[in-house]
Amino acid sequence: MRALLLDLDDTLFDRTAALLRWAARHGAALDHAWLVRLDERGRRPRLKFAAAIIDRLDLDDEPAAFAARFPHELAACIEPEPGLRAALAPLAGRIPIAVVTNGGDAQREKLRRTGLDDLVGAIFVSGELGISKPDPEIFARAARWANCDPIDCVFVGDDPELDLAPAAALGMTTAWRCRGAWPAAIPAPALTIRSVDDFARLA
């Protein structure tokens, strides 16, 4: 491994935990199971997510305004995952580390909230580049930044379709941050990360 590339949401922090903190901090009287299903771990289109929250809470708000505000509010609810910095710091001293993430400007704020931003040399954000995962170009750009071939990169992500299948197609070694079930139609990743301790296996 000559470079480590990382997804952000649900890879470097627990998105569901942050979402439930968001609901608690804003006094949202929402059923937690309903909220988690609605969010679909960030995959629900933001305007649809916003419209459903506004309707459920009978808010005097516009979906577009809510959708623009929500990622920053969610970022404020992120807590660093215990042990993750200690696991990644030795790697940061040896090889380039980058984050490859879908989203907008709140993604940089999220990375800061994880406490890992100083270990990461670059962050490739889809909203800034006009390229979103699973487009292979966003992965290829990260590899070029690291000055190495994709085959020399390890990519860690939680989403088999958006993260790991396109990274593997480029020749990257893939490591799955296990969240849910792996789809049978996609070839299995090289590694499965079930806890922070498993990040040490990347070395």
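One can find the structure itself at the top, above this paragraph.
A brief report on the enclosed structure follows.

Criteria and cut-off values
Counting restarts for each chain: residues are numbered from 1 in the order of the written sequence. Only residues with pLDDT of at least 70 get local features here, since the model is predicted, and only at 80 or more are side-chain atom pairs given and counted; chain-wide, interface and lining totals rely on the full set of residues. Neither water nor hydrogens contribute to the side-chain values; these are computed over all heavy atoms in the structure. Secondary structure counts use DSSP, requiring at least four H or I residues in a row for a helix and at least two E residues in a row for a strand, with both numbered from the N terminus. The size measure is the radius of gyration over C-alpha atoms, and the globule rule it meets is 2.2 Å times the number of residues to the 0.38 power. The convention is simple: Lys and Arg are positive, Asp and Glu are negative, and His and the chain ends are not counted. Taken as the charge location is NZ of Lys, CZ of Arg, CG of Asp or CD of Glu. Residues belong to a common nonpolar core when they are buried Ala, Val, Leu, Ile, Met, Phe, Trp, Tyr or Cys residues joined through side-chain atoms within 4.5 Å. With a 1.4 Å probe rolled over the protein chains alone, any residue whose accessible area is under 20% of its type maximum counts as buried; one over 50% counts as exposed, and the rest are partly exposed. Every helix has an expected span of 1.5 Å times one less than the residues it contains. Bending is quantified residue by residue as the angle between axes fitted to the seven-residue window ending at that residue and the seven-residue window starting at it. What makes two residues a contact is simply this: any of their non-hydrogen atoms within 4.5 Å. Pairing of aromatic side chains here covers Phe, Tyr and the six-membered ring of Trp, requires ring centres within 6.5 Å, and sorts the geometry by plane angle: under 30 degrees stacked, over 60 edge-to-face, intermediate tilted. Being paired, for any two strands, means DSSP has found at least two bridges between them. To obtain an axis, a line is fitted to C-alpha atoms, over the contacting stretch when the element is a helix, and the angle between two such axes runs from 0 to 180 degrees between their N-to-C directions.

What follows deals with the overall build of the protein. Across its full length, the protein carries 9 helices and 6 strands. Here the C-alpha atoms of the protein give a radius of gyration of 17 Å, agreeing with the 17 Å that 2.2 N^0.38 yields for 203 residues. Here the protein contributes 25 positively and 30 negatively charged side chains, and the mean placements of these two sets differ by 3 Å.

Bringing the nonpolar core into the picture now. Grouped together as the largest cluster of nonpolar side chains are 44 residues, with contacts concentrated most on L4, W22 and L88. I131, I138, F139 and C148 belong to the second-largest nonpolar core, a separate cluster that totals 21 residues.

We now examine helix α4 (residues 63-75). The end-to-end C-alpha distance of α4 is 19 Å, a good match for the 18 Å that 13 residues give at a rise of 1.5 Å each. At R69, α4 shows its largest kink, close to 30°, and the proline P71 lies no more than four residues downstream. Every buried residue of α4 is listed here: F66, A67, F70, P71, E73, L74 and A75. At its buried positions, α4 is contacted by α1 (15-25), α3 (46-57) and α6 (106-114).

This part covers the packing of aromatic side chains. According to the stated counting rule, one finds 7 aromatic pairs in the structure shown. Here W22 and F66 contribute two aromatic rings whose centre-to-centre distance is 6.2 Å and whose plane-to-plane angle is 90°, an arrangement assigned as edge-to-face. Of this pair, W22 sits in helix α1 while F66 is found in helix α4, placing the two residues 44 residues apart along the sequence. Each of the two residues, W22 as well as F66, counts as buried. Ring centres of F139 and F155 lie 5.1 Å apart, and the angle between their planes is 65°; on these two criteria the pair is classed as edge-to-face.

Further remarks concern the sheet that holds strand β1 (residues 3-6). Sheet strands pair by backbone hydrogen bonding; their relative direction is either parallel or antiparallel. Read from one edge to the other, the open sheet built from 6 strands follows the order β3-β2-β1-β4-β5-β6, with strand pairing classed as parallel. One side of each edge strand has no neighbouring strand; the edge strands of this open sheet are β3 (122-125) and β6 (191-193). The average undirected angle you get between the axes of adjacent strands in this sheet is 20°. Bridge analysis of strand β2 (residues 97-101) against β3 gives 4 bridges, and the strand direction is parallel. The residue of β3 that forms the bridge with V100 is F124. Lying on the sheet, α6 is in contact with β2 and β3; it crosses β3 at an angle near 140°.

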